[in-house]
Every structure is written in structure tokens, then in C-alpha cells.
Amino acid sequence: MAELTFRDATPADIPTMLRLSHAGDARGKDTPPLDPASLDDPRYRAAFDEITADAKHRLVVAEKGDEVVGTLQISFIPGMPNFGMKRGLLENVHIRADQRGSGLGSQMVLWAVEQCREAGCGLVQLTSNKLRVDAHRFYEKLGFAKTHEGFKLRL
């Protein structure tokens, strides 16, 4: 298995990150399809800038050779329960479709878990669309457990 390298994303990575995040989507009512013409929409850059300006959030890309093959966001969340235990939240975890099943997704998630551990987190959590049953098996294989039911309210 090829080794991945990880780096913080740059603005030049925005189109690739968006393509990766939409390639794995299970289409539901709350997930409109990605319009390729929208990749230059300034709202994406504004969101990127807001996320990367806060040290509690990281936008990361995973590279195999010179190609970006994965992306994820790590957020560090302070909390009151469990004596102030900090949680790591993994969001927008995606590996390129042609790389799935190669072990690279596992490598990427385990790397992110280690980043959370190094940041002092006592728990790592994530959500996954209910329709993505293959992703659920993947996360369970890595030791994640289905412990809560998630809810969304679209505003």
C-alpha cells in the first residue's frame, strides 16, 4: 500500500476538496448536486478562510505521490462533560472513489485520530449519512461505534 502524506489544504485545493466531498455523497433532500460552474463561487473561499483562521479547525488533504486523493476537516471541541474532555470531530471525510478499498481511507482516518489524540482529545466523533452503509462498515472496522442518533435542522 502506498503511503499517504498529509498537509493543510490551501485555497488552490478548494475545487478538488469539493469534488471529493460530493463524489461520495448519498444524495438526499438536503444535499444538492455539485454544479461544476460553482467551484469558483466566493462563498467557498470565504468558508475556507473562516475555517483556517481558527486554530481549532484544520482542513487537510491527503496526497499519494503528487495527487490529492483524500480530504477531511478536523475540529477540536472543548466540552464540560467528563471533566472538560476535549472532543475531535471529523467532518467531510472522503477518499477518491478509485482509491477506495486500497487501505488509504483507513490510513487517512487513523492519521486524523492520532492528530486528535496529540491535541488532547479524549474522544473522536463523526457523522455519516444514513444511506452510506459501506462507509458505516468502514468506520466500524476502524473501531468507531454507533452510539448516538444525529439530527439536522436545515435553516
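I will try to describe carefully the structure that is included in this document. What you see is a predicted model, and the numbers here were worked out from it, not measured in a lab. (Residues numbered from 1 in each chain as written. Predicted model: local features only at pLDDT ≥ 70, side-chain atom pairs only at ≥ 80, totals over all residues. Heavy atoms only, no water.)

### Comments concerning the packing of aromatic side chains
Then step 1. By the definition in use, this model includes three aromatic pairs.
Then step 2. A centroid spacing of 5.9 Å and a plane angle of 75° characterise the contact between Tyr139 and Phe144, whose relative ring orientation is edge-to-face.
Then step 3. Following the ring pairs from residue to residue traces out a cluster consisting of Phe138, Tyr139 and Phe144. (Phe/Tyr/Trp six-rings, centres within 6.5 Å; stacked < 30°, edge-to-face > 60°.)

### Focus on the packing of helix α4 (residues 104–118) against helix α5 (residues 133–141)
Then step 1. Across the interface, α4 lies against α5 with an axial gap of 11 Å and an inter-helix angle of 55°. On the basis of their axis angle, the class for α4 and α5 is oblique. For the pair α4 and α5, the sense of crossing is right-handed. The segment α4 lies against α5, with Gly105, Ser106 and Val109 engaging Phe138, Tyr139 and Lys141.
Then step 2. Split into classes, the residues belonging to the contact of α4 with α5 amount to three nonpolar, two polar and one charged. (Axes fitted to C-alpha atoms, helices over the stretch in contact; angles between N-to-C directions. Helix = DSSP H or I, 4+ residues; strand = E, 2+ residues; numbered from the N terminus. Parallel < 35°, antiparallel > 145°, perpendicular 65-115°, else oblique. Left-handed = near helix turned anticlockwise from the far one by under 90°. Contact = heavy atoms within 4.5 Å. Nonpolar A, V, L, I, M, F, W, Y, C, P; charged D, E, K, R; others polar.)

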